[in-house]
Amino acid sequence: MKINKVKTGIIAAAVGMASLISTPTVMAADAQYIGSLVYRTGPYAPGGIPWADGFADYINLLNERDGGINGVKLNLEECDTAYNTDKGVECYERLKNNGPTGMPAVMPLSTGITYALLDRVVADKIPLITSGYGRADAADGTIFPYVFVPPATYWGGADIAINYMASEEGGYDNLKGKKIALVYHDSAYGKEPIKTLEALAGKHGFELSLFPVPHPGLEQKATWLKIGRQLRPDYVLMYGWGVMNATAIKEAAAVNFPREKFIGIWWSGNDVDMVPAGKAAVGYKSLQFNGVGADFDVHKMIKQVLYANGKGSADSEAGIGEVAYNRGLQSAVLLTEALQGAMNEFGNKPVTGEQVQWALDRLDIDEARLKAIGAEGLFDPIKLSCADHLGKGRAKITQWDGTQWKAITDWIQPNNEMLDVMYKESAAAYAKEKGITPRACN
Amino acid sequence: MRLERDVIYIILASLLLMVAIPWMAGTLSEDIFFEWPFFFEVAIGGLLSGVMYSLVALGFVLIFKASGVFNFAQGAMVLFSALTLVGLNEMGLPMWLSVIVTLLVMLVLAIAIERVVLRSLVNQEHIILFMATIGIAYFLDGFGQTIWGSEVKNLDIGFSQEPGFYFDGLILINDFDLIAAVIAGILVIVLALFFQYTRIGRALRAVADDHQAALSVGIPLKHIWVIVWAVAGIVALVAGIMWGSKLGVQFSLALIALKALPVLILGGFTSVPGAIIGGLLIGAGEKLAEVFIAPMIGGGIEDWFAYMLALAFLVFRPQGLFGEKIIERV
């Protein structure tokens, strides 16, 4: 029985320690609280860690260099979702009332968690910011007042990819009769671009073939035999995630499909996806809604202020400038600019979610502001309004050269004329289903 | 191993169906592209994938044979061994030395599992042992990443991953898959000889039947468990090297256990040859289904079809193709 007592003690101690590890924050009454949903653990941690580091580094930079925002210190607390919807909702519920004014906004980093929070954020008056994921139709701010989707949507991404393919072929007219395959994660996320691609196929006359890949996508031999040996498409577009990305690139190489004709959405274009694919990834292309590289002023500032003083979030500077890291930075810039907008309007003190929503409705991060931040060229300017919760929705095409991503185009504008109609139709259907009265935006 | 007549009939019937259904689908549906070279390309690709599944399934079979317990931690052991190998290699150890040190680590792990977890569970219900392996799985997943980090690591063992064209360029076969099949084949032969012709192999089978009876005739249960977990660790390392060089060494490696489950259901939990035949049937079956059936129903059926195929076999052989028939007097 003595041994059993020892074992019980060890287990109790372990549980106690685990609960301590999950709450590393120090609450401060006069600081602006920021709750951050991240995934530093679980199967997708390799992509989640650099994002979390980029986000935390920018918040810490503002604290260390500027003393926070408008003199208000920032108090960051992370909650690890492990990219799991249940845990994501739990994290949101746990963090939403923390700090003097609660969580000012939530960035769930997962389409699944986004869908689970859609109703809750409206009830809690907490803005939901989904950069490059989530519901594309939330671009319509009249129906989704608390959801913001800058800088790009999945639908816009599909349009940009086809736009790029058309430019490679010498114009949209030359897409007629071409074969384009979509390889997608068989989930709500992966299916997002299908409607847009079908509309574009009808408009430009290309033949669209769909290849769903069941989660997690460890084995895709059959899919790629169909693509590479049977269909032989002119282009392949991929909406993949996690291990599916590297596996797809390797299988593309195994059937000799040219990587230069293989284009992934931004979630199929992380540095960590390229590492296991090795030489097979050379020439592969990916859309990015942020710039690539680590040579921007904001990176230099982070190295100088944080890493030189042992205050960086990552173990080393090596990950600075990775695609996912830059995305974390971009999300932090978006949020802190909204916080500053809210403080400018409502006073230099911690602000509420409702006040941040007011600021997001008027968010304007122009070239001059990006230059001041040190991110000119790294991010596309963003201007939102009450009705437009997306902005321009632009992205670049980048290519993997074996060691790093290189931008091979400037920002590409999606066909917002067509997409706006689709966003509005879909949002109107959502409003009807939920009984939402669109708000007036003048 | 003596093949029972109904097992031979079932295998022959399934092979016949694997040829007939794609051919009929190609003949009847315009959506299905069927040509014999393409059919063989898919079938061979599937068989070679199946060998990779068998590599993982072998580890499950070993533990099940020794303790009658489904080892939930096998996928985690694959991840842990691969992480350790690459981690040591990144620290500057040459690959051959990293392999040896990793083997030693897996041996130490086996001893630790026996000492800390299994020793106090002798003669407990199998479900208790199963639950213990769930604990081991979560521990290894977390511990491995704590030591070696969560980032994706590249494992290049130098084998070509380029496509190879055979039969006058008509059939494409990946060279890496061929090499993996040869390695898995060698591993299976060694394991089969080990279990068939060594004292440890016979003792192991006795332990699987009844812990207490085995103990009463002087079989050292503790040693047997250490040996079998160590051998399962070696199999996990081989699987980790092959799958890790295919997918990269990352957390997702632990999920390849999912690919081994239908193999075990089909082949039986207690048979090494069953894991191989099961792997081949599942690999070929799922690939042929994905290419020649899936287009008619929307695609993406590969994963669940493997389980459906395995369950279909259970209708005819509830113990799996090569599983031991259990008869209990009541």
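Notes on the structure follow. All values derive from a computational prediction rather than experimental measurement.

## Structural notes on the overall build of chain B
Here is step 1: Of the regular secondary structure elements, chain B holds 13 helices and two strands.
Here is step 2: In terms of overall size, chain B behaves like a compact globule, its C-alpha atoms giving a radius of gyration of 21 Å where 330 residues would be expected to give roughly 20 Å.
Here is step 3: Overall size of chain B, expressed as C-alpha extent along the three principal axes, is 60 × 60 × 35 Å.
Here is step 4: Counting every position in chain B, which comprises 330 residues, the buried fraction comes to 51%.
Here is step 5: For chain B, contacts bridging at least 24 residues in sequence account for 75% of all contacts bridging at least 6.

## Quick notes on helix H12 (residues 323–346) of chain A
Here is step 1: Look at H12(A): 35 Å from first C-alpha to last across 24 residues, which is about the 34 Å you get at 1.5 Å a residue.
Here is step 2: Most of H12(A) sits inside the fold, with 20 of its 24 residues counted as buried.

## Notes on the interface of chain A and chain B
Here is step 1: Counting from both sides, the interface comprises 35 residues of chain A and, opposite them, 31 residues of chain B.
Here is step 2: In terms of residues, the side of chain A that touches chain B owes the most to one element, helix H8 (residues 221–231) of chain A, which gives seven residues.
Here is step 3: Broken down by class, the residue content of the side of chain A that touches chain B amounts to 22 nonpolar, seven polar and six charged.

## A word on the environment of B:Val117
Here is step 1: The residue B:Val117 is located in helix H4 (residues 95–118) in this model.
Here is step 2: Those residues in contact with B:Val117 that sit more than four places away from it in its chain are B:Ala132 and B:Ile136.

## Topic: unusual backbone geometry
Residue and element names in this part refer to chain A.
Here is step 1: The peptide bond linking Pro 150 to Pro 151 adopts the cis configuration, its omega dihedral lying at 5 degrees.
Here is step 2: Here Pro 151 shows up in the loop between strand E4 (147–148) and helix H5 (154–169).
Here is step 3: His 215 connects to Pro 216 through a cis peptide bond whose omega is 0 degrees.
Here is step 4: Mapped onto the secondary structure, Pro 216 falls in the loop between strand E6 (207–213) and H8.
Here is step 5: Unusually for a residue other than glycine, Ala 82 sits at a positive phi of about 55 degrees.
Here is step 6: Looking at the secondary structure, you find Ala 82 in the loop between strand E2 (74–80) and helix H3 (85–95).
Here is step 7: Look at Asn 256: it is not a glycine, yet its phi comes out positive at around 65 degrees.
Here is step 8: Note on placement: Asn 256 falls in the loop between helix H9 (243–254) and strand E8 (262–264).

## Examining the sheet that holds strand E9 (residues 285–288) of chain A
Residues and elements named next belong to chain A.
Here is step 1: The strand order E6-E5-E7-E8-E9-E12-E13 describes an open sheet built from seven strands, whose pairing is mixed. Each edge of the open sheet is held by one strand with a lone partner, namely E6 and strand E13 (405–407). Here the strands of the sheet are splayed against their neighbours by 25 degrees on average, with no regard to which way each runs.
Here is step 2: Here E9 runs beside strand E12 (residues 396–400); their pairing, made up of four bridges, is antiparallel. The partner of Gln 288 across the bridge, within E12, is Lys 396.
Here is step 3: The sheet contacts of H5 involve strand E5 (179–185), strand E7 (235–239), E8, E9 and E12, and relative to E9 the element is tilted by about 130 degrees.
Here is step 4: H8 contacts E5, E6 and E7 of the sheet and is inclined by roughly 155 degrees relative to E6.

## Notes on the packing of helix H3 (residues 74–90) of chain B against helix H9 (residues 221–247) of chain B
Residue and element names in this part refer to chain B.
Here is step 1: Between H3 and H9, whose axes approach to 8 Å, the crossing angle comes to 70 degrees. Taken as axis vectors, H3 and H9 run roughly perpendicular relative to one another. As for how H3 packs across H9, the hand of that crossing is right-handed. Contacts between H3 and H9 involve Gln 74, Met 77, Val 78, Leu 79, Ser 81, Ala 82 and Leu 85 from the first element and Ala 232, Gly 233, Ala 236, Leu 237, Ala 239, Gly 240, Ile 241, Trp 243 and Gly 244 from the second.
Here is step 2: Here the residues of the contact of H3 with H9 sort into 11 nonpolar, five polar and no charged.

The rules behind each value
Residues numbered from 1 in each chain as written. Chains lettered and ligands numbered in written order. Predicted model: local features only at pLDDT ≥ 70, side-chain atom pairs only at ≥ 80, totals over all residues. Helix = DSSP H or I, 4+ residues; strand = E, 2+ residues; numbered from the N terminus. Rg over C-alpha atoms; globule rule 2.2 N^0.38 Å. Buried ≥ 20, exposed ≤ 12 C-beta atoms within 10 Å, placed from the backbone. Contact = placed C-beta atoms within 7 Å. Expected span 1.5 Å × (residues − 1). Nonpolar A, V, L, I, M, F, W, Y, C, P; charged D, E, K, R; others polar. Pairing = 2+ DSSP bridges. Axes fitted to C-alpha atoms, helices over the stretch in contact; angles between N-to-C directions. Parallel < 35°, antiparallel > 145°, perpendicular 65-115°, else oblique. Left-handed = near helix turned anticlockwise from the far one by under 90°.

This is a description of form; function is not addressed.
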